[in-house]
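Breakdown of the fold
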Amino acid sequence: MNFSNKNLLFFFPESPFSKRAGNVLRTYTNLKQLKSLGLNIDLVGVEDYYNSFGDTAEGIDSEIINDVFVLKTKPPKKKLTLEYWKYKIQKKFNKENPNQYLTQYLKDNFSAILGKKKYDYIFINYEFWTDLIRDQDLKGAKTILDTHDWITLNEFYNNKNLDLGKRFGEEINNLSFYDRVVTISQDEYFIFKSFLGDKVINIPPSFPENFEYTNTEKKYDLIFVGSDNPFNALSINWFVEKVLPILPKEIKICIIGRICKHVPDHESIEKVFFADDLKTYYHASKIAICPMLKGTGIKIKVVEALSFGLPVVGTEKAVDGFLDKKNNGCMVSDDEKEFAEMITKLIDNKSDYLQLKDEAIHFFKNNFSETKSVELWKKTLDS
């Protein structure tokens, strides 16, 4: 099927061009791959998100995006206007949405976008934004949801009193609204497909191949890249408190991203709060670590490390969502002593290191290539 001149409306609450975290980086990659098919893409975001992250519409690539709409969640606070009182009254009588940003004002603004152009595809990221389009006139557009994660389980990690049955029922109900449901993890694919059948398709995250085959001297033994979300903070603190004290004193570690705010100063750690290009740092590192203790879904940071042919030492969470839990370039343990021993073994034993590096390259090529991902997007749009 030829997708040239087909119109796609793409909703993602924050700017996908900030690339500040794994979910954002993957969304940016999806947009690039969808654009490569010839689609005209309009992007919709939420002003509250943009403001909280310091993003602006000016940072959006016009070669990928045709039009940008950053929508407000509430009208200006001018109490004399009819618009102000209209939404004030609606808020009083409308059922409260668990997603506080999904207001009637936002929905009406979204409806105005739909009224101005006919879209062939409407793409929503995260199931808890489904009400944005549920009662809208979509003019026959094919609806696609990118789940990103198993949201019920993710919310349960943050709230042990969550009514799991009710919340999972809501999640499945939201997913059933769409023509196509995209997962990025094999684990979630099997769960959602059991309830929703063939409308579910798994499209793993993808990166260009960045393998380096020369044995150049490395500046860092370990690298960790992360945003400052609570799961990353918990994980890196566990590593610093439990694992680092039993590693060799001379070990060199590079930590990159906003996660650095949660990392104490240490003679072995170099903190890089922002890196415009991660390639330099990955190529200068021997091993990537992923000491995640909580969180669901595939870990984008692990896939990114594999794209550089880096072996990964992680907890069992590091290989969540992988089709193959072994022979994947990763060594895993939730025990701090074993975690440290795996790192030391790879640093000290060249043959073990090269074997795991070879595994990483092969696993990445077989599961996360850009070519394979583009073909899956074609299938998603075409079927």
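Each remark here, short or long, concerns the structure printed above.
Residue positions are counted from 1 within each chain, in the order its sequence is given. The predicted origin of the model limits local features to residues at a pLDDT of at least 70 and limits the giving and counting of side-chain atom pairs to 80 or more, whereas totals for whole chains, interfaces and linings rest on all residues. With hydrogens and water stripped out, all remaining heavy atoms of the structure feed into the side-chain values.

**Some words on the pattern of salt bridges**
Think of it this way: side chains of opposite charge can pair up when their charged atoms draw near. Whenever Lys or Arg places a side-chain nitrogen within 4 Å of a carboxyl oxygen from Asp or Glu, that contact is recorded as a salt bridge. For the structure on display, the rule yields 18 salt bridges. Of the charged contacts, one joins aspartate 228 and lysine 261 as a salt bridge, the two residues approaching to 2.8 Å between their closest N and O atoms. Note that aspartate 228 is positioned in the loop between strand 8 (220-225) and helix 9 (230-243) and lysine 261 in the loop between strand 9 (253-256) and strand 10 (269-272), a separation of 33 residues in sequence. Among the residues examined, lysine 261 registers a relative accessible area of 55% and is labelled exposed. We note a salt bridge from lysine 378 to glutamate 375, for which the minimum N-O separation is 3.3 Å. Working definition: helices are DSSP H or I runs of at least four residues, strands are E runs of at least two. Numbering for both runs from the N terminus. Think of it in three bands: residues with accessible area under 20% of the maximum for their type are buried, residues over 50% are exposed, and the middle band is partly exposed, with areas taken using a 1.4 Å probe on protein chains only.

**With respect to the environment of serine 15**
Within the secondary structure, serine 15 sits in the loop between strand 1 (7-11) and helix 1 (22-36). On the basis of relative accessibility, which here comes to 4%, the residue serine 15 falls in the buried class. Separated by 39 residues in the primary sequence, serine 15 and glycine 54 place their C-alpha atoms 9.6 Å from one another.

**A short note on the sheet that holds strand 8**
Between any two strands, at least two bridges found by DSSP are needed for them to pair. In spatial order, the strands read 10-9-8-11-12-13; together these six strands make up an open sheet with parallel pairing. At either end of the open sheet lies a strand with only one pairing partner, and these are strand 10 and strand 13 (330-332). Neighbour-to-neighbour, the strand axes of this sheet turn through a mean angle of 25 degrees, independent of strand direction. As paired strands, strand 12 (residues 312-314) and strand 13 are joined by three bridges and run parallel to one another. Where helices are involved, their axes are fitted lines through C-alpha atoms of the stretch in contact, as for all axes, and angles between N-to-C directions lie from 0 to 180°.

**Structural notes on the packing of aromatic side chains**
Pairing of aromatic rings covers Phe, Tyr and Trp, the last through its six-membered ring, and needs centres within 6.5 Å; plane angles under 30 degrees mean stacked, over 60 mean edge-to-face, and all others mean tilted. Taken as a whole and assessed by the stated rule, the structure comprises 21 aromatic pairs. With a centroid separation of 5.5 Å and an interplanar angle of 85 degrees, the aromatic rings of phenylalanine 177 and tyrosine 178 are classed as edge-to-face. By relative accessible area, which is 26% here, phenylalanine 177 ends up partly exposed. The exposure class assigned to tyrosine 178 is buried, which follows from its relative accessible area of 1%. Pairing phenylalanine 363 with phenylalanine 368 gives two aromatic rings, centres 5.7 Å apart and planes at 75 degrees, and the pair type is edge-to-face. What makes phenylalanine 363 buried here is its relative accessible area of 7%. For phenylalanine 368, a relative accessible area of 3% gives the class buried. Following the ring pairs from residue to residue traces out a cluster consisting of Phe11, Phe12, Tyr49, Tyr101, Tyr126, Phe128 and Trp129. The ring of phenylalanine 177 is capped by arginine 134, whose NZ or CZ atom sits 5.7 Å from the centre of that ring. Counted as over-ring charges are cases with an Arg CZ or a Lys NZ within 6 Å of the ring centre that also lie within 35 degrees of the ring normal.

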